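Examining the three-dimensional arrangement
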Amino acid sequence: GHDLWVAAIVVEPLHGADNLVAALREFGPRRDRRVGVLLDHLVPGSKETRLATEARTTFTPDVEVVGHPYVDIWQAIKPQALGIERWPTVPRGRPWKAGVIDGLGWRVSEQQAWSRILSRVTDYSDLEPDILSRVEYLIDFVTASG
């Protein structure tokens, strides 16, 4: 929060990678307005990887895109923060968030589930180290002089 504000960093949700390049065009990255993007599902052959490559190529050197090793950003929160031993296993082919909600026995929407999950995060110790390292990398990228 405050540390990002002092560094003039703004965090904006992308709501999916489909509009990444259009959002970057609208923002207009440049040397003094660098952009760091954190994406789910950045694995070889995925739609997200293709979009990330297009974004990097189109806006080099002012945009960096990195992925994280989780199925969804929810999974970057340590299960213990929610009072569970591990995230529920979701069968391949089933929407992951819906499977997690069912596996936890919740009768809520995805938005309500995300609010519930976020309410249990009190500080960085509730997050997995892999997500923290990627976020720190992006902070370093956007604050470095181009």
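You'll find the structure just up there.
Computed from a prediction, not measured in an experiment: that's the story for all the values here.

A closer look at helix H4 (residues 96–103)
Since the α-helix turns once every 3.6 residues, residues separated by three or four places project in the same direction. Burial in H4 covers these residues: Trp96, Gly99, Val100 and Ile101. In this structure, the buried residues of H4 make contact with helix H5 (110–119).

Some words on helix H6 (residues 129–143)
Here H6 is 15 residues long and its end C-alpha atoms lie 21 Å apart, about the 21 Å a rise of 1.5 Å per residue gives. Taken as a whole, H6 has its buried residues at Ile131, Leu138 and Phe141. Buried residues of H6 fall within an arc of 85° about the axis and therefore sit on the same side. H6 presents Pro129, Glu136 and Asp140 as exposed residues on the side facing more than 90 degrees away from its buried surface. Where H6 is buried, its residues contact strand S1 (35–39) and strand S2 (63–67).

Quick notes on the packing of helix H2 (residues 20–27) against helix H3 (residues 47–59)
At a minimum axis separation of 9 Å, H2 and H3 run at an interaxial angle of 25°. Taken together, H2 and H3 sit at an angle that is classed as roughly parallel. As for the relative orientation of H2 and H3, their crossing is right-handed in sense. Along its contact with H2, which presents Leu20, Val21, Leu24 and Arg25, the element H3 presents Leu51, Ala52, Glu54, Ala55, Thr58 and Phe59. Of the residues that constitute the contact of H2 with H3, the class distribution is seven nonpolar, one polar and two charged.

Things to note about the pattern of salt bridges
All told, the structure shown has five salt bridges when counted by the stated rule. As a salt-bridge pair, Asp32 and Arg30 come within 2.6 Å of each other at their nearest N and O atoms. Here Arg30 falls in the partly exposed class, since its relative accessible area comes to 41%. Across the salt bridge formed by Asp102 and Arg94, the nearest N and O atoms sit 2.2 Å from each other. According to the relative accessible area criterion, Asp102 is partly exposed, its value standing at 39%. Its relative accessible area of 37% is what places Arg94 among the partly exposed residues.

Each value, and the rule that gives it
Residues numbered from 1 in each chain as written. Predicted model: local features only at pLDDT ≥ 70, side-chain atom pairs only at ≥ 80, totals over all residues. Heavy atoms only, no water. Buried < 20%, exposed > 50% of the residue type's maximum accessible area, 1.4 Å probe, protein only. Helix = DSSP H or I, 4+ residues; strand = E, 2+ residues; numbered from the N terminus. Contact = heavy atoms within 4.5 Å. Expected span 1.5 Å × (residues − 1). Arc of directions from axis to C-beta. Axes fitted to C-alpha atoms, helices over the stretch in contact; angles between N-to-C directions. Parallel < 35°, antiparallel > 145°, perpendicular 65-115°, else oblique. Left-handed = near helix turned anticlockwise from the far one by under 90°. Nonpolar A, V, L, I, M, F, W, Y, C, P; charged D, E, K, R; others polar. Salt bridge = Lys/Arg side-chain N within 4 Å of Asp/Glu carboxyl O.

What is shown is where atoms sit, not what they do.
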